[in-house]
Amino acid sequence: REPAMLYKRIVKEMPRILMIYDIDMPLEEAKAAVRNHFYKHKDIKDYRVQEMLVEQGYFSLETTMLQHKQKAHLMHFLEGYTVPMEADRKRLSPDASIDEQFARN
């Protein structure tokens, strides 16, 4: 019952969160991402663990609404891991020469 109340609370605040953080994502897609996070933990039967996850959820919602998070934190939560621009850099082998290391390509 507690997880359901938390889920309803998050879904209720989702339009405001998307507006505050200027996230260009359809509301239904954001709700689906939240739903997937809840389904990820559906098999947990230990009441203590469930209670801890619910408390973490409320804390996360509160810090989000107080704007203590950055947009990147929410994007990671909603979309998962995204490849940062730094990952597109040229990869060097361990035996690369000094010229290759400082090349600007």
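Residues numbered from 1 in each chain as written. Predicted model: local features only at pLDDT ≥ 70, side-chain atom pairs only at ≥ 80, totals over all residues. Heavy atoms only, no water.

### Here's the deal with the overall build of the protein
Summing up its helical and strand segments, the protein has 5 helices and 0 strands in all. The 105 residues of the protein split such that 21% are buried. Within the protein, residue pairs in contact and separated by at least 24 positions form 71% of the contacts whose partners lie at least 6 positions apart. On the protein, roughly 8700 Å² of surface is accessible, and the fraction owed to carbon and sulfur atoms is 54%. (Helix = DSSP H or I, 4+ residues; strand = E, 2+ residues; numbered from the N terminus. Buried < 20%, exposed > 50% of the residue type's maximum accessible area, 1.4 Å probe, protein only. Contact = heavy atoms within 4.5 Å. Areas by Shrake-Rupley, 256 points an atom, 1.4 Å probe, with all protein chains shown as cover.)

### Points about the nonpolar core
Formed by 15 residues in total, the largest nonpolar core has its most connected members in Ile10, Met14, Leu18, Ile23, Ala30 and Leu78. Not counting residues within four places of it along the chain, the set of residues in contact with Ile10 comprises Val34, Phe38 and Leu61. (Core = buried A, V, L, I, M, F, W, Y, C linked by side-chain atoms within 4.5 Å.)

### As for the packing of aromatic side chains
By the definition in use, this model includes 1 aromatic pair. Relative to Phe38, the ring of Tyr7 lies with its centre 5.4 Å away and its plane at 80 degrees, an arrangement referred to as edge-to-face. Of this pair, Tyr7 sits in helix α1 (residues 2-20) while Phe38 is found in helix α2 (residues 27-40), placing the two residues 31 residues apart along the sequence. Take Tyr7: its relative accessible area is 23%, and that puts it in the partly exposed class. (Phe/Tyr/Trp six-rings, centres within 6.5 Å; stacked < 30°, edge-to-face > 60°.)

### Concerning the pattern of salt bridges
For the structure shown, the criterion picks out 3 salt bridges. One salt bridge connects Glu13 with Arg16, and the closest N-O pair in it is separated by 3.3 Å. Of the two residues, Glu13 and Arg16 are both situated in helix α1; the distance of 3 residues between them amounts to about one turn of the helix. Since its relative accessible area comes to 45%, Arg16 is described here as partly exposed. The closest approach of N and O atoms between Asp46 and Arg48, which form a salt bridge, is 3.1 Å. Look at Asp46 and you get partly exposed, because its relative accessible area is 31%. (Salt bridge = Lys/Arg side-chain N within 4 Å of Asp/Glu carboxyl O.)

### As for the confidence of the model for the protein
Scored by pLDDT, the protein has a mean of 84; 88% of the residues are at 70 or more. Element-level pLDDT for the protein is lowest in helix α5 (residues 98-101), with a mean of 76, against a maximum mean of 94 in helix α3 (residues 47-65). (pLDDT = per-residue confidence, 0-100.)

### So, the packing of α1 against α2
Here α1 crosses α2 at 150 degrees, and the two axes come no closer than 10 Å. In terms of orientation, α1 lies roughly antiparallel with respect to α2. Pair α1 / α2 crosses with right-handed handedness. Listed contacts from α2 to Pro3, Leu6, Tyr7, Ile10, Val11, Met14, Pro15 and Leu18 of α1 are Leu27, Ala30, Lys31, Val34, Arg35 and Phe38. Along the lines of polarity and charge, the residues of the contact of α1 with α2 split into 12 nonpolar, no polar and 2 charged. (Axes fitted to C-alpha atoms, helices over the stretch in contact; angles between N-to-C directions. Parallel < 35°, antiparallel > 145°, perpendicular 65-115°, else oblique. Left-handed = near helix turned anticlockwise from the far one by under 90°. Nonpolar A, V, L, I, M, F, W, Y, C, P; charged D, E, K, R; others polar.)

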